[in-house]
Amino acid sequence: MDAYELIHRELTRVGVKLAATLPDDWVGPLIGRIDADPAIRHVPVARESEAVVVATGAFFTGKKSVAVIGNTGLLTCTGELATLNLRHQIPVFCIVSMRGTYDDHRIWQEVQGRRTIPLLQAYDFPYQVLDSLDEIGCIPAVYEASRLQKRPYILFLTRRLLKGKAWQ
Amino acid sequence: MKTRDAMRVIAAHRGDAVAVCALGMASNEWWQATKSEETFYVHGAMGFAASFALGFALMAPEVPVLLLNADGSLCMNLGCLLTEAQQAPQNLKHFVVDNRVYQTVSAVPMVNRGLTDYAGIARSAGIPRTLTLDNVPDLEKAMPEIMAAPGPYFTVLRVEAEPSYLEVPPNDYEGAEIKYRFGRAMEKRLGVKIFGPSGY
């Protein structure tokens, strides 16, 4: 099983019934798997803020939800995460590509690589980094932690996890 | 038509619908008209009450859902119309209070004031049923059809800009209290558990 298949399997274990998504090239294959799963209502959106708020609205039906977006998109929706989710203390679980790391040699990702974690720390949004296949089984525990923290919780997927070691 | 009158008419016809209010004057008027706790009053995220209502409506398809949006909010998230059209929730009725100003900041005129046909944008986005109304008798007449027809149904309410929004205060619940009041109401209404045994 590859990382995408394992993550999808864990989301099924959690009981996710709605996934709101906007892809970058790293999370795209996961979104493809979600789209093909009849047990999950897939909501493709036009902007990442829609994804986190659609997932937030679904919370109030008692159904499990997730937003799947890219790192650049996460930066665009911090205002909504702060003024909706922090303001009202509503959890939202976000799966996000972790761009701009030492092994991601895309020049347009370099700011994301340096400023995303300090930004999350400034907002006090908790996060967890998944860096290897054997860590994917922690997703149900991270999901529960997101509910307990009552705020946005970011699960980062690294390049090493999704695409293997860059030096191999 | 005044916002207050429009909210009263919708409230009278709402039946057992759940509501989501964008921040602003219409939200305050809805609270005054209904005192409803089966309503989520969004404090922030201007533009995204539409996305909140969509996520709720999709996962509770048996519940009629009213979205009380505003023109300023809609303009901050016009993309919501594409998503709403694509998902086509039959239980969602989307109202836009169109007063052409940012009422809560001293009625500062909005971008493109009065020139934009929001119902036309919604139709072009793929929402099949749209309506624009500017008076109370027409709204009274239209409400039974709006409530009975399958959604998404998009209705623009052209209302007068008013000098002060503070004449009608918002509800006095804090952000987390709104979450718990609405969440507990939905637990009873839907027969589900939203919060666990430890309250989160």
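About the cut-offs
Residues numbered from 1 in each chain as written. Chains lettered and ligands numbered in written order. Predicted model: local features only at pLDDT ≥ 70, side-chain atom pairs only at ≥ 80, totals over all residues. Helix = DSSP H or I, 4+ residues; strand = E, 2+ residues; numbered from the N terminus. Rg over C-alpha atoms; globule rule 2.2 N^0.38 Å. Buried ≥ 20, exposed ≤ 12 C-beta atoms within 10 Å, placed from the backbone. Contact = placed C-beta atoms within 7 Å. Pairing = 2+ DSSP bridges. Right-handed = clockwise from strand over helix to strand, strands pointing away. Axes fitted to C-alpha atoms, helices over the stretch in contact; angles between N-to-C directions. Nonpolar A, V, L, I, M, F, W, Y, C, P; charged D, E, K, R; others polar. Core = buried A, V, L, I, M, F, W, Y, C linked by C-beta atoms within 7 Å. Parallel < 35°, antiparallel > 145°, perpendicular 65-115°, else oblique. Left-handed = near helix turned anticlockwise from the far one by under 90°.

Engineer: Tell me what's going on with the overall build of chain B, and back it up with residues and numbers.
Structural biologist: For chain B, the count of helices and strands is eight helices and eight strands. For a compact globule of 200 residues, the expected C-alpha radius of gyration is about 16 Å, and chain B comes in at 16 Å, within 12% of that figure. Based on the C-alpha atoms only, the size of chain B along its principal axes is roughly 50 × 35 × 30 Å. By the burial criterion, 44% of the 200 residues in chain B qualify as buried. Long-range contacts, defined as pairs at least 24 residues apart, comprise 74% of the intrachain contacts of chain B with a sequence gap of at least 6.

Engineer: Tell me about the pairing of strand β8 (residues 153-158) of chain B, residues and numbers included.
Structural biologist: All names here are of chain B. For β8, the buried fraction is high: five of the six residues fall into the buried class. Bridging between strand β4 (residues 92-98) and β8 involves six bridges; their strand directions are parallel. Bridge pairing links Val97 to Leu157 in β8. Of the crossover connections in this fold, the one passing from strand β7 (residues 129-133) over helix α7 (residues 136-148) to the parallel β8 is right-handed.

Engineer: Run through the sheet that holds strand β5 (residues 127-130) of chain A, naming residues and quoting values.
Structural biologist: All names here are of chain A. Spatially, six strands are ordered β2-β1-β3-β4-β6-β5 in an open sheet, and the strand pairing comes out parallel. The open sheet has two edge strands, β2 (41-44) and β5, and neither has a second partner. With strand direction ignored, the average angle separating the axes of adjacent strands in the sheet is 20 degrees. Pairing analysis gives six bridges linking strand β1 (residues 16-22) to strand β3 (residues 64-69), with the strands arranged parallel. Along β3, the bridge assignment pairs Leu18 with Ser65.

Engineer: Before we move on, can you summarise the interface of chain A and chain B with the specific residues and values?
Structural biologist: Counting residues at the interface gives 31 residues for chain A and 33 residues for chain B. Elements with a contribution of two residues or more to the side of chain A that touches chain B: β1, β2, α3 (48-59), α5 (78-88) and α7 (139-149) of chain A. Per-element tally for the side of chain A that touches chain B: the top contributor is α3(A), with eight residues. Across the side of chain A that touches chain B, the residue classes tally to 13 nonpolar, nine polar and nine charged.

Engineer: Break down helix α3 (residues 49-59) of chain B for me, citing the residues and quoting the values.
Structural biologist: Burial analysis of α3(B) places 11 of its 11 residues in the buried class, the great majority of the element. Every buried residue belonging to α3(B) is among B:Ala49, B:Ala50, B:Ser51, B:Phe52, B:Ala53, B:Leu54, B:Gly55, B:Phe56, B:Ala57, B:Leu58 and B:Met59, and all of these are buried.

Engineer: For the nonpolar core, give the residues involved together with the corresponding values.
Structural biologist: In terms of nonpolar packing, the biggest core is built from 111 residues, with A:Cys94, B:Val20, B:Val42 and B:Ala53 touching the most fellow members. Counting residues per element, this core draws most heavily on α3(B), which supplies nine residues. Excluding residues that lie within four positions of it along the chain, A:Cys94 makes contacts with A:Val52, A:Ala67, A:Ile69, A:Leu74, A:Pro152, A:Tyr153, A:Ile154 and A:Leu155.

Engineer: Go over the pairing of β4(B), please, and point to the residues and values.
Structural biologist: Residue and element names in this part refer to chain B. The buried fraction of β4 amounts to seven of the seven residues, a majority that puts the element mostly inside the structure. Alternating residues of β4 divide into Leu92, His94, Val96 and Asp98 and Lys93, Phe95 and Val97, and every residue in both groups is buried. Of the strand pairs in this sheet, strand β3 (residues 65-70) and β4 are connected by six bridges, and their pairing is parallel. Each bridged residue has a counterpart across the sheet, and for Ala70 the counterpart in β4 is Val97.

Engineer: So what's going on with the packing of α3(A) against α5(A)? Residues and values would help.
Structural biologist: All names here are of chain A. Running from amino to carboxyl end, α3 crosses α5 at an angle of 15 degrees, the nearest separation of the two axes being 9 Å. Classified by the interaxial angle, the pair formed by α3 and α5 is roughly parallel. In this structure, α3 meets α5 at a crossing whose hand is right-handed. Here Ser49, Val52, Val53 and Thr56 of α3 come into contact with α5, specifically with Glu80, Leu81, Leu84 and Asn85. Among the residues making up the contact of α3 with α5, the classes are represented as four nonpolar, three polar and one charged.

Engineer: Could you give an account of the sheet that holds strand β1 (residues 18-21) of chain B, naming the residues involved and the relevant values?
Structural biologist: Residues and elements named next belong to chain B. Read from one edge of the open sheet, six strands run β2-β1-β3-β4-β8-β7, paired in parallel fashion. Each edge of the sheet is formed by a strand with only one pairing partner; in this case those strands are β2 (39-41) and β7. Mean inter-strand twist for the sheet, computed between neighbouring axes without regard to direction, equals 15 degrees. As judged from the five bridges shared by β7 and β8, these two strands associate in the parallel manner. The residue of β8 that forms the bridge with Arg129 is Tyr153.

Engineer: Please set out the environment of A:Val66 residue by residue, giving values where relevant.
Structural biologist: All names here are of chain A. Mapping Val66 onto the fold places it in strand β3. Sequence spacing of Val66 and Val92 is 26 residues, and the spatial spacing of their C-alpha atoms is 6.9 Å. Dropping the residues within four chain positions of it, Val66 is found in contact with Leu11, Val16, Ala19, Ala55, Phe93 and Ile95.

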